[in-house]
Amino acid sequence: MTKQVLEPSAEPAEGGGGGVRSVKSAERTIAVLEYLSSAAQACSLREVVTALGMPRASGYALLTTLVDTGWVETDGAGRYRIGIRALRAGAAYVERDDVVQRAQPVMNELHSDLGETVHLARLDGAEVVYLATNISRHSLAVVSRPGRRLPSWATGLGKAILAGRPWEEVDALLPATLEARTEHTITDRAALRVELEEIRRRGHAVDEQESTIGLRCFAVALDFGPAPNEALSCSIPIVRLSPEREEMIVTALLRARTRIIR
């Protein structure tokens, strides 16, 4: 008689559902890494566990493990920050990303032609995440490094992507309150909808000091599918701008978009 071998099945989710049950320790690990990666400075144990609603003992054990494995670093005085292993993982993501590989040669040429900062970003929830950056060769420049996250509604990159989606989808994607980064950020939903319709009409987005005072950003969405998920931009201090310069930048971005998605 042949012995029947049964394949292991996924453990059902709690509550009788058919999905696989999530692993709480893994969820906590991801939450800690995401919290530290978004923090402006090193955080204490108390700050981490309070922000994440985690028991102190569990938080300390988890942080200790992450320090031992290099995903988190500590200054020896009880403060923690993201570690070098996270940098390696992030770099590997960018290096293997198809869109980055397609866009980078074109970004290099665009940067060489314009001499200004060029960005590539992707929509992630209600935020845009910067994937690649070519820094301006001018001394006066504002740079968003790869991995930085900003509200989509406050950036040219984000607005270019949102404009390629139905308003109902955008409305559901955005948080209930659109927080301002500067006095120029659009925080009214009706005004944002009008802005996205205008972007759709003219084919490019403009960030009018909505993310950073003194900086104007021009952006175009990269349409690889039914709805764009990435965008390309050029940021320039308004002191270096003129109507002719703006027209040159927009024309160059549109030409670059065609080459990337071709």
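Residues numbered from 1 in each chain as written. Predicted model: local features only at pLDDT ≥ 70, side-chain atom pairs only at ≥ 80, totals over all residues. Heavy atoms only, no water.

Asker: So what exactly am I meant to see when it comes to the overall build of the chain here?
Answerer: Looking only at helices and strands, the chain features 9 helices and 9 strands. Here the chain holds 262 residues, and the buried ones make up 39% of them. By sequence separation, contacts in the chain at least 24 residues apart represent 53% of the contacts at least 6 residues apart. (Helix = DSSP H or I, 4+ residues; strand = E, 2+ residues; numbered from the N terminus. Buried < 20%, exposed > 50% of the residue type's maximum accessible area, 1.4 Å probe, protein only. Contact = heavy atoms within 4.5 Å.)

Asker: Can you help me understand helix H3 (residues 56-68) in this one?
Answerer: Think of an α-helix as 3.6 residues a turn; residues three or four steps apart then line up on the same face. Look at H3: 18 Å from first C-alpha to last across 13 residues, which is about the 18 Å you get at 1.5 Å a residue. Within H3, burial applies to Gly59, Leu62, Leu63 and Leu66. Seen from one end, H3 has its buried residues packed into an arc of 100 degrees, which puts them on one side. Facing away from the buried side of H3 by more than 90 degrees, the exposed set consists of Ala57 and Asp68. Next to the buried residues of H3 lie helix H1 (24-38), helix H2 (45-52), strand S2 (72-74) and strand S3 (79-82). Count one or two residues on from H3 and you reach Gly70, which has phi positive near 90 degrees. (Expected span 1.5 Å × (residues − 1). Arc of directions from axis to C-beta.)

Asker: Honestly, the pattern of salt bridges in this entry has me stumped. Any pointers?
Answerer: Two side chains with opposite charge may pair up if their charged atoms get near one another. Considering all chains together, one arrives at 18 salt bridges under this definition. For Glu116, the salt bridge is made with Arg245, and the minimal N-O distance between the two is 3.5 Å. Residue Glu116 is found in the loop between helix H5 (98-114) and strand S4 (117-124), and its partner Arg245 is found in helix H9 (residues 243-261); the two are separated by 129 residues along the sequence. Glu195 is paired through a salt bridge with Lys159; the nearest N and O atoms lie 3.0 Å apart. A residue pair is termed long-range when its members are at least 10 positions apart, and Glu195 in helix H8 (residues 189-202) and Lys159 in helix H6 (residues 156-162) qualify at 36 residues. Its relative accessible area of 17% is what places Glu195 among the buried residues. Overall, the relative accessible area of 0% leaves Lys159 in the buried class. Via salt bridges that share partners, Asp97, Arg122 and Glu230 belong to a single interconnected network. (Salt bridge = Lys/Arg side-chain N within 4 Å of Asp/Glu carboxyl O.)

Asker: Mind showing me how you'd approach the packing of H1 against H2 here?
Answerer: If you want to describe how two helices pack, look at the angle between their axes and the distance between the axes. One can describe the packing of H1 onto H2 by two numbers: an axis separation of 11 Å at closest approach and a directional angle of 115 degrees. As H1 packs across H2, the resulting crossing turns out to be right-handed. Across from Ala31, Val32, Tyr35 and Leu36 in H1, the residues of H2 making contact are Glu47, Val48, Ala51 and Leu52. Here the contact of H1 with H2 is built from residues that sort into 7 nonpolar, no polar and 1 charged. (Axes fitted to C-alpha atoms, helices over the stretch in contact; angles between N-to-C directions. Left-handed = near helix turned anticlockwise from the far one by under 90°. Nonpolar A, V, L, I, M, F, W, Y, C, P; charged D, E, K, R; others polar.)

Asker: What am I meant to see in the sheet that holds S2 here?
Answerer: The strands that make up a sheet pair up through hydrogen bonds in the backbone, lying either parallel or antiparallel. Taking strand neighbours across the sheet as the criterion, the 3 strands line up as S1-S3-S2 in an open arrangement whose pairing is antiparallel. Edge positions in the sheet fall to strand S1 (43-44) and S2, since each has one partner strand and no second. By the bridge criterion, 2 bridges tie S1 to S3 in an arrangement that is antiparallel. Note that in S3 the partner of Cys43 across the bridge is Tyr80. Along the sheet, H3 contacts S2 and S3; its crossing angle with S2, the most-contacted strand, is approximately 100 degrees. (Pairing = 2+ DSSP bridges.)

Asker: How do you make sense of the pairing of strand S9 (residues 230-237) when you look at a structure like this?
Answerer: Along any regular strand, the residues point their side chains to alternate faces of the sheet. Taking burial as the measure, the 8 residues of S9 include 8 buried ones, the bulk of the element. Side chains Glu230, Leu232, Cys234 and Ile236 project from S9 onto one buried face, and the interleaved Ala231, Ser233, Ser235 and Pro237 project onto a second face that is buried too. Where strand S8 (residues 215-222) and S9 come together, 8 bridges link them in antiparallel fashion. Each bridged residue has a counterpart across the sheet, and for Leu215 the counterpart in S9 is Pro237.

Asker: Looking at this model, I keep getting lost on the packing of H1 against H3. Mind explaining?
Answerer: At a closest axis distance of 11 Å, the pairing of H1 and H3 adopts a crossing angle of 75 degrees. In terms of their interaxial angle, H1 and H3 are classed as roughly perpendicular. Contact residues: H1 offers Arg28, Thr29, Val32, Leu33 and Leu36, while H3 offers Ser58, Leu62, Leu63 and Leu66. Taken together, the residues that form the contact of H1 with H3 break down as 6 nonpolar, 2 polar and 1 charged. (Parallel < 35°, antiparallel > 145°, perpendicular 65-115°, else oblique.)

Asker: I tried to follow the layout of surface pockets on my own but got confused; where do I start?
Answerer: Where empty space is left becomes clear once a probe the size of a water molecule has been rolled over the atoms. There is about 1,100 Å³ of room inside the largest pocket. In terms of lining, the largest pocket is formed by 25 residues, of which the most central are Ser37, Gly90, Val129, Gly147 and Arg149. Taken together, the elements giving at least two residues each to the lining of the largest pocket come down to H1, helix H4 (84-95), S4 and strand S5 (127-134). It is H4 that contributes the most residues to the lining of the largest pocket, 8 residues altogether. Taken together, the residues of the lining of the largest pocket sort by class into 14 nonpolar, 5 polar and 6 charged. Volume-wise, the second largest pocket comes out at about 160 Å³. Lining the second largest pocket, in full, are Ala160, Ala163, Gly164, Ile199, Arg200, Gly203, His204, Ala205, Ala221, Asp223, Pro228 and Arg257. When grouped by side-chain class, the residues that make up the lining of the second largest pocket number 6 nonpolar, 3 polar and 3 charged. (1 Å grid on protein atoms, 1.4 Å probe; cavity = no way out; pocket = protein on both sides within 12 Å on 5 of 7 lines; lining within 4 Å. Points joined across faces, edges and corners; volume = space filled by probe spheres on them.)

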